[in-house]
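Structure at a glance
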Amino acid sequence: MEVYLDNNATTMVDPLVFEQMKPFFCETYGNPNSLHRFGAGTHPKMMEALDYLYTGINADDEDDIIITSNATESINTVIKGVWVDEILNGDKNHIVTSEVEHPAVTAACRFLESQGVSITYLPVNENGVIEANTVRDSIKEDTALVSIMWANNETGKLFPIEEIGQICKEANVLFHSDATQAIGKVPVDVQKANLDFMSFSAHKFHGPKGVGGTYIKKGVKLTPLLHGGEQMGGKRAGTVDVASMVGMGYAMHLATNEMALAYEDNHVRKLRDRLESAILELPETLVIGGTENRTPNTTLISIRGVEGESMLWDLNQKGIGASTGSACASEDLEANPVMNAFGSDSELAHTGVRFSLSRFNTQEQIDYAIEVIVNAVKRLRNLSSSYAYAPKSHESGL
Ligand SMILES: Cc1ncc(COP(=O)(O)O)c(CN[C@@H](CS)C(=O)O)c1O
């Protein structure tokens, strides 16, 4: 049996989304910017996609959305655009973010640091969450932007975005959230959150890879990252991937309607809890960041005495796909940066395994995964030279 439990890395394209995309490869293939019928034929479905996108996040209208290639481009568009507008051409020189952002945020901020910008990286608390008051305390006269993720990709922890948005509004500071891991899992409302900018990626909510979006609040200036064309009103040059844009719009429609979010919060959450509870019955296991206030599909579990990479190998041999943390960091054997940010000891930081489910997982798959995981832990702990579990009188040893 094959069981895919790495949906925070990427998701399967929903077959219904794929159906919407098909016509734009060999039938309606014109360039949207061409004046002839071949180009104009793409417009109705592109407008429908923009409608789905802006309503899915409760933006004002379709002008508030630009189509990008992924969340990484969207994030760079915001951070570097604010740098140009507010720092290079303004009187600001400070950005507030967190220690547990995705590398797309951290690396963009590191680049700005190399250009002389001051960056504050806020730490998480013992529950792996940024506390809103630490944002308030870090804002200074010359703060240009606050950028805090909506949901952490490794732990699933949800951050107090609406509270932080209110703080930024009162302080008159621009506010961006990387919502890549929130859309399709929890309600996302850019107006309730007082966001000026937001980033997202279609392949996290059953849309195609290679397409994402940036929300830019109406009236907020943002110098484009890409120049050289009038697409998206000049906010993002380059011919749009029409099929992917249509796919992302429909995926947003399927993922953010009331019924879909209720399904995530019930069915997917129940399966995640079933898997998590079974693993937590094993001794010396714990959920990194705790089980409260998370996206319904994610769990990052430390299994003492089991190197995360070894566990992944065992699982893969049995047809199960998971990860030790974000896919973009999976090449190196470095300790999970998020666990390091929690102050985990270095041994613990290497024992994290991330399971991230989706609406396409079934109970049968989860029960099979539980059986494989429990057997893998037994095997790997028995092989470990450094792990010796001394069961308490009432516990059975492993
Ligand atoms: C919070 C967050 N922000 C940005 C990105 C980047 O998405 P792209 O579509 O690759 O540009 C991701 C993608 N995180 C994947 C791959 S590194 C993970 O395994 O966690 C993310 O989780």
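Residues numbered from 1 in each chain as written. Predicted model: local features only at pLDDT ≥ 70, side-chain atom pairs only at ≥ 80, totals over all residues. Heavy atoms only, no water.

- As recorded by an unreviewed UniProt entry, the chain carries the name Cysteine desulfurase, NifS family and is attributed to Malaciobacter canalis.
- Quoted straight from UniProt, the Sequence similarities (unreviewed entry) entry for the chain says "Belongs to the class-V pyridoxal-phosphate-dependent aminotransferase family. NifS/IscS subfamily." (UniProt positions renumbered as here; feature names shortened; annotations may be inferred.)

1. Digging into the nonpolar core
- One finds Ile57, Ile67, Val146, Trp150 and Met198 to be the most contacted residues of the largest nonpolar core, which totals 84 residues.
- Top contributing element to this core by residue count: helix α9 (residues 242-256), with 10 residues.
- In this structure Ile57 touches Ile65, Ile183, Val188, Asp189, Val190, Met198, Phe200, Tyr215 and Met252, once residues within four positions along its chain are discounted. (Core = buried A, V, L, I, M, F, W, Y, C linked by side-chain atoms within 4.5 Å. Buried < 20%, exposed > 50% of the residue type's maximum accessible area, 1.4 Å probe, protein only. Helix = DSSP H or I, 4+ residues; strand = E, 2+ residues; numbered from the N terminus. Contact = heavy atoms within 4.5 Å.)

2. A few points about the sheet that holds strand β8 (residues 212-216)
- Reading across from one edge, β2-β8-β7-β6-β5-β3-β4 is the order of the 7 strands in this open sheet, with mixed pairing throughout. On the outer flanks of this sheet lie β2 (65-68) and β4 (118-122), each paired with one strand and no other. With direction set aside, neighbouring strand axes in the sheet form an average angle of 20°.
- By the bridge criterion, 5 bridges tie strand β7 (residues 197-201) to β8 in an arrangement that is antiparallel. Of the residues in β8, the one forming a bridge with Phe200 is Gly213.
- Strand contacts of helix α5 (residues 71-88): β2, β3 (94-98), β5 (143-147), β6 (174-178), β7 and β8, with the helix running at about 160° to β7, the strand carrying the most contacts. (Pairing = 2+ DSSP bridges. Axes fitted to C-alpha atoms, helices over the stretch in contact; angles between N-to-C directions.)

3. Thoughts on the packing of aromatic side chains
- Counted under the stated rule, the structure contains 3 aromatic pairs.
- When the ring of Tyr52 is compared with that of Tyr250, the centres are 5.9 Å apart and the planes differ by 70°; the resulting orientation is edge-to-face. In this pair, Tyr52 is assigned in helix α4 (residues 43-56) and Tyr250 in helix α9, connecting sequence segments 198 residues apart.
- Their ring planes at 85° and their centres at 5.6 Å tell us that Trp83 and Phe111 sit as a pair that is edge-to-face. With Trp83 in helix α5 and Phe111 in helix α6 (residues 103-114), this residue pair connects regions lying 28 residues apart in the sequence.
- We classify Trp83 as buried; its relative accessible area is 13%.
- One cation-aromatic arrangement involves Lys80 over Phe111; the distance from NZ or CZ to the ring centre is 5.3 Å.
- The ring of Tyr121 has Arg110 sitting right over it, with the charged end atom 4.5 Å from the ring centre. (Phe/Tyr/Trp six-rings, centres within 6.5 Å; stacked < 30°, edge-to-face > 60°. Lys NZ or Arg CZ within 6 Å of the ring centre and 35° of its normal.)

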